[in-house]
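Structure assessment
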Amino acid sequence: MTDDISLVALRGLGPQRATEIRSLIRDVPGYPHEPIVFRDITPLLADGPALADVVEAFARLCEGDDGHGVDVVAGMEARGFLLGAPLAMRLGVGFVPLRKAGKLPPPVDRVSYDLEYGSAALELRSGTIRAGARVLVVDDVLATGGTAAAAVELVERCGGHVVAAAFLMELDGLGGRARLAGTAVETLLRVGGRPTS
Ligand SMILES: O=P(O)(O)OC[C@H]1O[C@H](OP(=O)(O)OP(=O)(O)O)[C@H](O)[C@@H]1O
Ligand SMILES: Nc1ncnc2[nH]cnc12
């Protein structure tokens, strides 16, 4: 399956730059185990101009008449922190960490979920999100959608309104977008899901 970077939000950078940014995501077949193809964003994070371009592409989704008005950005531990915090700073809003279970002191709200290679739970310090706040949920990867669905449930349980869930990349064929039915989903690029053979 070829990657589709022409139809999604990285196109705002131009096709050549979008292709360069895609090339900074390393595909690692068999990690953490077969048949996963792990999409490693560390080369992209290590490239300052590429990281800035990605943050700018996310910001474009939030600004202007067609953009999602955002009061606060929420990111899932750990990779959602790496993209969500610089985006929040760029937008001039706060950042809310949705942490893996057991990392935050009480009181917390918690939602458990399954992911492509295991299970986990996200926690949010109770009272962090103002009632009715417009929240953008941000992460690097949308795969099965389990993590993002848990994040949306957690934010909304805590009184926030999720205006959209935004991802650097969507893995095709894993059902993530369908799992988030009812939530606006934004992805900067789309890449092939698990190989079929
Ligand atoms: O759509 P899903 O199937 O839920 O998968 C996507 C999630 O999996 C990865 O995180 P992971 O749980 O591996 O944690 P990490 O960011 O701490 O590496 C990724 O950063 C997403 O949060
Ligand atoms: N294939 C994958 N690569 C990187 N992160 C992921 N999270 C869930 N599936 C993933």
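The shown structure was predicted, so the numbers you read here are calculated from the model rather than taken from an experiment. (Residues numbered from 1 in each chain as written. Chains lettered and ligands numbered in written order. Predicted model: local features only at pLDDT ≥ 70, side-chain atom pairs only at ≥ 80, totals over all residues. Heavy atoms only, no water.)

**Examining the packing of aromatic side chains**
The tally for this structure, following the rule as stated, stands at two aromatic pairs. Seen in terms of ring centroids, Tyr31 and Phe38 are 5.2 Å apart; in terms of plane orientation they differ by 85°. Their pairing is edge-to-face. By relative accessible area, Tyr31 is classed as partly exposed at 47%. Arranged with centres 5.9 Å apart and planes meeting at 85°, the rings of Phe81 and Phe95 form a pair that is edge-to-face. Here Phe81 is found in helix H4 (residues 79-91), whereas its partner Phe95 is found in strand S4 (residues 94-100), with 14 residues between them in sequence. Taking the relative accessible area as the measure of exposure, Phe95 reaches 26% and is therefore partly exposed. (Phe/Tyr/Trp six-rings, centres within 6.5 Å; stacked < 30°, edge-to-face > 60°. Buried < 20%, exposed > 50% of the residue type's maximum accessible area, 1.4 Å probe, protein only. Helix = DSSP H or I, 4+ residues; strand = E, 2+ residues; numbered from the N terminus.)

**Quick word on helix H1 (residues 15-23)**
An α-helix turns once per 3.6 residues; consequently, residues spaced three or four apart project the same way. What H1 keeps buried is the set Ala18, Ile21 and Arg22. The arc that holds the buried residues of H1, viewed along the axis, is 100°, so those residues lie on one side. Pointing more than 90 degrees away from the buried face of H1 are the exposed residues Gln16 and Ser23. If you follow the buried residues of H1, they end up packed against strand S1 (26-29), strand S2 (37-40), helix H2 (42-45), helix H3 (48-60) and strand S9 (185-191). (Arc of directions from axis to C-beta. Contact = heavy atoms within 4.5 Å.)

**Observations concerning the packing of H3 against H4**
When two helices pack together, their arrangement is captured by the angle between the axes and the distance separating the axes. It is at 9 Å that the axes of H3 and H4 come closest, and there the two elements cross at 65°. Our pair here, H3 against H4, has a crossing hand that is right-handed. Taken together, the residues of H4 that come into contact with H3 (itself represented by Leu51, Val54, Val55, Glu56, Phe58 and Ala59) are Leu83, Pro86, Leu87, Arg90 and Leu91. Taken together, the residues of the contact of H3 with H4 break down into nine nonpolar, no polar and two charged. (Axes fitted to C-alpha atoms, helices over the stretch in contact; angles between N-to-C directions. Left-handed = near helix turned anticlockwise from the far one by under 90°. Nonpolar A, V, L, I, M, F, W, Y, C, P; charged D, E, K, R; others polar.)

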